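Understanding the architecture of this molecule
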Amino acid sequence: MSTRENTIPVKIGNIQIGGNNQVIIQSMCDIKTSKIHEVVKEINECTALGAQMMRVSILDKDDAYAIKEIKKRVSVPIVADIHFDANLGILAIENGADKIRINPGNIGSDEKLKRIIDVAKKYDVAIRIGVNKGSLEKDLASSNLSEEEKLTESALKYIKKFEEYGFSKLVISVKASNPLLTIKAYRLMSKKTNYPLHIGVTESGYDEIGIIRSVSALSPLLLEGIGSTIRISLTHNPQKEIKTCVRLLHDLGLYENYPTIITCPTCGRCMVKNTAQIADKILEYMIQHKKNLTVAVMGCIVNGIGEGKNADIGIAGGNGLFQIFSHGKILKTTDEENVLNELYKLIDMY
Ligand code: SF4
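Okay, the domain arrangement of the protein next. Accessible area lost on assembly of the parts is the figure often given for the size of an interface. Here the domain parsing of the protein yields domain 1 (4-251) and domain 2 (260-349). For domain 1 and domain 2, the distance between their C-alpha centroids amounts to 39 Å. Buried surface at the junction of domain 1 and domain 2, both sides included, amounts to about 370 Å², of which 38% is carbon and sulfur. Interface area lost by domain 1 to domain 2 is led by Lys243, Arg247 and His250, which between them contribute 71%. At the junction of domain 1 with domain 2, the criterion picks out one salt bridge. When the shortest N-O distance is used, the salt bridge between Lys243 and Glu284 registers 2.7 Å. Our enumeration of links across domain 1 and domain 2 arrives at two residue pairs in polar contact (both at pLDDT 80 or more). Those elements that place two or more of their residues in the side of domain 1 that touches domain 2 are helix 1 (36-49) and helix 9 (238-251). With three residues, helix 9 is the single largest residue contributor to the side of domain 1 that touches domain 2.

Set out below in structure tokens:
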């Protein structure tokens, strides 16, 4: 099996995917690419949150031309997402895309595929072969193979074709919207190829549905050493996707230097009305100021300080007052109005 350390590193702009590199976090813009100003803003916001690569959709020539200007104003590699039109893929590469993502099955013909490959070679640009359960070739879709074999066979067939054309700067994905199928497909794929795998659940959903579906598939894979880059696809903005990716990798021990927030589950003793909202503000502050601390937000003084004793700093509420503590030791008492400012002062000292 090719765990991520054994995959062939692929250079994409100023980063590498695969080999000993950390798992790369990516998302996809949800704005038409030709709206350059808005796209740049979105990419830079995602970058500030931890994105290391961003994908943009190329629907027409204006989108492809826009890559050139976008690249001047962002710091992460740009991946162009191409469907059906080989000429748009070529134009995206000529305009500076660091990688393109195609499903070779919908590009039309081997001749068109070869034209893309020739230009990718010329510009030294990587290609992701993105196979999806929903767009498998007809003969494979109707075959007697298992669902995971259909996905991997499709990817392997295209890998062979790329290699025959002398191209190996590849990243592979075999996505499905079902988490169990996703796990099976990537496990199988990792046994059959040394190219880095981009892992994700496609059309995973919104809110907790999308997050749970993605995390339930990606966690076992990541812990087994499968996956060199991830996207958590959510029906939200990409900023939310990036935050979720970073949180997942951090909680699995695959991303260091990121804040941890602990909140009590609340119970009948809780004296803090908006525990979750307060915690979210503190987390945002720590992300923004790059503070790699564990902070606890606890609903009562009676048990909160003891229950939050593993935190670097914590607050516990009671009767309009808050106690600020560190590793179980009370540092000061303050009122609700000043608690966040007092806490931020302490966070800044770390
Ligand atoms: S810290 Fe207090 S409010 Fe929160 S769960 Fe524990 S006992 Fe309940």
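Residues in close proximity to the ligand include Cys264, Pro265, Thr266, Cys267, Arg269, Cys270, Gly299, Cys300, Asn303, Gly304 and Glu307, which together make up its full environment. Residues belonging to the shell around the ligand are distributed by class as follows: five nonpolar, four polar and two charged.

Before going further, it helps to examine the packing of helix 6 (residues 147-164) against helix 7 (residues 179-192). In contact at an axis separation of 8 Å, helix 6 and helix 7 are set at 40° when each is read in the N-to-C sense. As judged from the angle between their axes, helix 6 and helix 7 are oblique. Relative to helix 7, helix 6 is oriented so that their crossing is right-handed. Each of Glu147, Glu148, Glu149, Leu151, Thr152, Glu153, Ala155, Leu156 and Ile159 in helix 6 lies in contact with helix 7, whose residues at this interface are Leu181, Lys184, Ala185, Leu188, Met189 and Lys192. A per-class count over the contact of helix 6 with helix 7 returns eight nonpolar, one polar and six charged.

Applying the stated criterion to the full structure yields 21 salt bridges. One salt bridge connects Arg55 with Asp81, and the closest N-O pair in it is separated by 2.5 Å. Here Arg55 is found in strand 4 (residues 53-57), whereas its partner Asp81 is found in strand 5 (residues 78-82), with 26 residues between them in sequence. In this pair, the class of Arg55 matches that of Asp81, namely buried. Three or more residues joined by partner-sharing salt bridges are found here, namely Lys32, Asp60 and Asp63.

Given 3.6 residues to a turn, an α-helix orients residues that are three or four positions apart in the same direction. With 14 residues, helix 1 extends 20 Å from end C-alpha to end C-alpha; this agrees with the ideal 20 Å at 1.5 Å per step. Of the positions making up helix 1, those classed as buried are Val39, Val40, Glu42, Ile43, Cys46 and Leu49. Packing partners of the buried residues in helix 1 comprise strand 4, helix 2 (61-72), strand 5, helix 9 and helix 10 (275-288). At the C-terminal side of helix 1, Gly50 shows a positive phi close to 130°.

Strand order in this open sheet of five strands is 11-12-13-14-15, and the pairing throughout is mixed. Two strands in the sheet have a free side with no partner beyond their single neighbour: strand 11 (260-263) and strand 15 (329-335). Shown here is a sheet whose adjacent strand axes are inclined to one another by a mean of 20°, direction ignored. Examined bridge by bridge, strand 14 (residues 321-326) and strand 15 share six bridges and lie antiparallel to one another. Across the sheet, the residue bridging to Leu321 is Asp335, located in strand 15.

What follows concerns the sheet that holds strand 7 (residues 126-132). Backbone hydrogen bonds hold the strands of a sheet together, and the pairing may be parallel or antiparallel. Strand order in the open sheet formed by eight strands is 8-7-6-5-4-3-10-9, and the pairing between neighbours is parallel. Of all strands in the sheet, those with a lone pairing partner are strand 8 (170-175) and strand 9 (198-199), marking the two edges.

In this section: the state of the cysteines. Tallied over the entire structure, the rule returns zero disulfides. Looking at the unpaired Cys29, the closest cysteine sulfur is the one in Cys46, lying at 6.5 Å. For Cys29, a relative accessible area of 7% corresponds to the buried category. In this structure Cys245 is a free cysteine whose sulfur lies 10 Å from that of Cys46, the closest cysteine sulfur available.

Okay, the packing of aromatic side chains next. According to the stated counting rule, one finds three aromatic pairs in the structure shown. Pairing Tyr255 with Tyr258 gives two aromatic rings, centres 5.8 Å apart and planes at 90°, and the pair type is edge-to-face. Exposure class is identical for Tyr255 and Tyr258. Each is buried. A cation over a ring is seen here: Lys114 above Tyr165, with NZ or CZ 5.8 Å from the ring centre.

Reading guide: rules and limits
- Residues numbered from 1 in each chain as written.
- Predicted model: local features only at pLDDT ≥ 70, side-chain atom pairs only at ≥ 80, totals over all residues.
- Heavy atoms only, no water.
- Domains from an automatic or database assignment.
- Buried area = accessible area lost by both parts, 1.4 Å probe.
- Salt bridge = Lys/Arg side-chain N within 4 Å of Asp/Glu carboxyl O.
- Polar contact = N/O pair within 3.5 Å; in protein donor to acceptor, adjacent residues only side chain to side chain.
- Helix = DSSP H or I, 4+ residues; strand = E, 2+ residues; numbered from the N terminus.
- Near = heavy atom within 4 Å.
- Nonpolar A, V, L, I, M, F, W, Y, C, P; charged D, E, K, R; others polar.
- Axes fitted to C-alpha atoms, helices over the stretch in contact; angles between N-to-C directions.
- Parallel < 35°, antiparallel > 145°, perpendicular 65-115°, else oblique.
- Left-handed = near helix turned anticlockwise from the far one by under 90°.
- Contact = heavy atoms within 4.5 Å.
- Buried < 20%, exposed > 50% of the residue type's maximum accessible area, 1.4 Å probe, protein only.
- Expected span 1.5 Å × (residues − 1).
- Pairing = 2+ DSSP bridges.
- Disulfide = S-S within 2.5 Å.
- Phe/Tyr/Trp six-rings, centres within 6.5 Å; stacked < 30°, edge-to-face > 60°.
- Lys NZ or Arg CZ within 6 Å of the ring centre and 35° of its normal.

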